[in-house]
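Residue-level listing of the chains:
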Amino acid sequence: MNSQIQNTVNFVKEKLEGAEAGHDWFHIERVWKLSKKIAATETCNLEVVELSALLHDIADPKFHDGDETLALKISQDFLESENVSKEIIEQVLFIIKNISFKNRDEVPAVLPIELQIVQDADRLDAIGAIGIARTFNFGGFKNNLMFHPDIQPQLNMTKKEYKKSNGTTINHFYEKLLLLKDLMNTKTGKELAKKRHDYMLKFLDQFYREWNVE
């Protein structure tokens, strides 16, 4: 590992100490590893991929009153202090700005491969067994209901509605998680997503069986 990446790892670990468990250093580490796994099958700038993966959730807006500029400022200040080139910084900031699910309708039609890779990695960590665990952890963090048979999922929410949503944890599967498989960009991302998607479907089937005491 080169010193620049190691310094970034150290910075992120320190910055996210005490963060909500679904958006902590271990989330970053998994996304970083997944990004490298996907990048190995693509032609890309690995430095941009690694720095973006490490910094993508340095200040998640949902924990900072919806502020979508804070992560960009923190990342830019850090990268400049590390003497990263202006060109690399611009690419990393572009990825951080455009990676989010809620911003999917605002991004350019053609995405750089580095963004495609990190976005796939981030979305993979939102599905499968880890995704289930993270979803229920965050639902508990917000004190949301796990499930309510009379509360239906809100499909096709606007960005504003999505940011304000406090629906049930089970509904979140239909509002976001089950949609991610078909939003993957890369071949590797699509292959990995299918397995995790199928696992979530099995989980939901078992959840309803137990809820209804079948």
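Residues numbered from 1 in each chain as written. Predicted model: local features only at pLDDT ≥ 70, side-chain atom pairs only at ≥ 80, totals over all residues. Heavy atoms only, no water.

## What about the pattern of salt bridges?
Alright, step 1. This structure, assessed with the given rule, holds eight salt bridges.
Alright, step 2. Here Arg134 and Asp125 are joined by a salt bridge, their closest N and O atoms 3.5 Å apart. Exposure class is identical for Arg134 and Asp125. Each is buried.
Alright, step 3. The partner of Lys187 in a salt bridge is Glu191, and the shortest N-O contact between them spans 2.7 Å. You can see Lys187 and its partner Glu191 sitting in helix α10 (residues 187-211), four residues apart, about one turn around the helix.
Alright, step 4. Among the ionic contacts, a cluster of salt bridges with common partners joins Arg30, Asp125 and Arg134. (Salt bridge = Lys/Arg side-chain N within 4 Å of Asp/Glu carboxyl O. Buried < 20%, exposed > 50% of the residue type's maximum accessible area, 1.4 Å probe, protein only. Helix = DSSP H or I, 4+ residues; strand = E, 2+ residues; numbered from the N terminus.)

## Examining the packing of aromatic side chains
Alright, step 1. Considering all chains together, one arrives at 12 aromatic pairs under this definition.
Alright, step 2. Ring geometry for Phe147 against Trp211: centres 4.9 Å apart, planes inclined by 85 degrees, an arrangement best described as edge-to-face. Of this pair, Phe147 sits in the loop between α7 (128-141) and α8 (159-164) while Trp211 sits in helix α10, and the two are 64 residues apart along the sequence.
Alright, step 3. With a relative accessible area of 14%, Phe147 lands in the buried category. (Phe/Tyr/Trp six-rings, centres within 6.5 Å; stacked < 30°, edge-to-face > 60°.)

## Focus: unusual backbone geometry
Alright, step 1. One non-glycine residue, Asn143, adopts positive backbone phi at about 60 degrees.
Alright, step 2. With respect to the element layout, Asn143 can be found in the loop between α7 and α8.
Alright, step 3. In this structure Asn143 comes out as exposed when scored by relative accessible area, which is 69%.
Alright, step 4. Here Val213, not a glycine, exhibits a phi torsion of approximately 55 degrees, which is positive.
Alright, step 5. By the secondary structure assignment, Val213 is in the segment after α10.

## Comments concerning the environment of Gly128
Alright, step 1. Tracing the sequence through the fold places Gly128 in helix α7.
Alright, step 2. Judged by its relative accessible area of 2%, Gly128 is buried.
Alright, step 3. Spatially, the C-alpha atom of Gly128 lies 32 Å from that of Ile88, the residues being 40 residues apart in sequence.
Alright, step 4. Those residues in contact with Gly128, other than ones at most four positions away along the chain, are Arg196, Tyr199 and Met200. (Contact = heavy atoms within 4.5 Å.)

## Quick look at helix α4 (residues 70-81)
Alright, step 1. Between its terminal C-alpha atoms α4 stretches 17 Å, which fits the 16 Å expected from 12 residues at 1.5 Å a residue.
Alright, step 2. Looking only at α4, the buried set comprises Ala71, Ile74, Ser75, Phe78 and Leu79. Seen from one end, α4 has its buried residues packed into an arc of 120 degrees, which puts them on one side. In α4, the exposed positions that point more than 90 degrees away from the buried face belong to Lys73 and Ser81. (Expected span 1.5 Å × (residues − 1). Arc of directions from axis to C-beta.)

## As for the packing of helix α2 (residues 25-39) against helix α6 (residues 113-124)
Alright, step 1. The contact between α2 and α6 brings their axes to 8 Å, and the two run at 130 degrees. Here α6 runs oblique to α2, going by the angle between their axes. The hand of the α2/α6 crossing is right-handed. Seen from α2, the contacting residues are His27, Val31, Leu34, Ser35, Ile38 and Ala39; seen from α6, they are Ile117, Val118, Asp120, Ala121, Asp122 and Leu124.
Alright, step 2. Among the residues making up the contact of α2 with α6, the classes are represented as eight nonpolar, two polar and two charged. (Axes fitted to C-alpha atoms, helices over the stretch in contact; angles between N-to-C directions. Parallel < 35°, antiparallel > 145°, perpendicular 65-115°, else oblique. Left-handed = near helix turned anticlockwise from the far one by under 90°. Nonpolar A, V, L, I, M, F, W, Y, C, P; charged D, E, K, R; others polar.)

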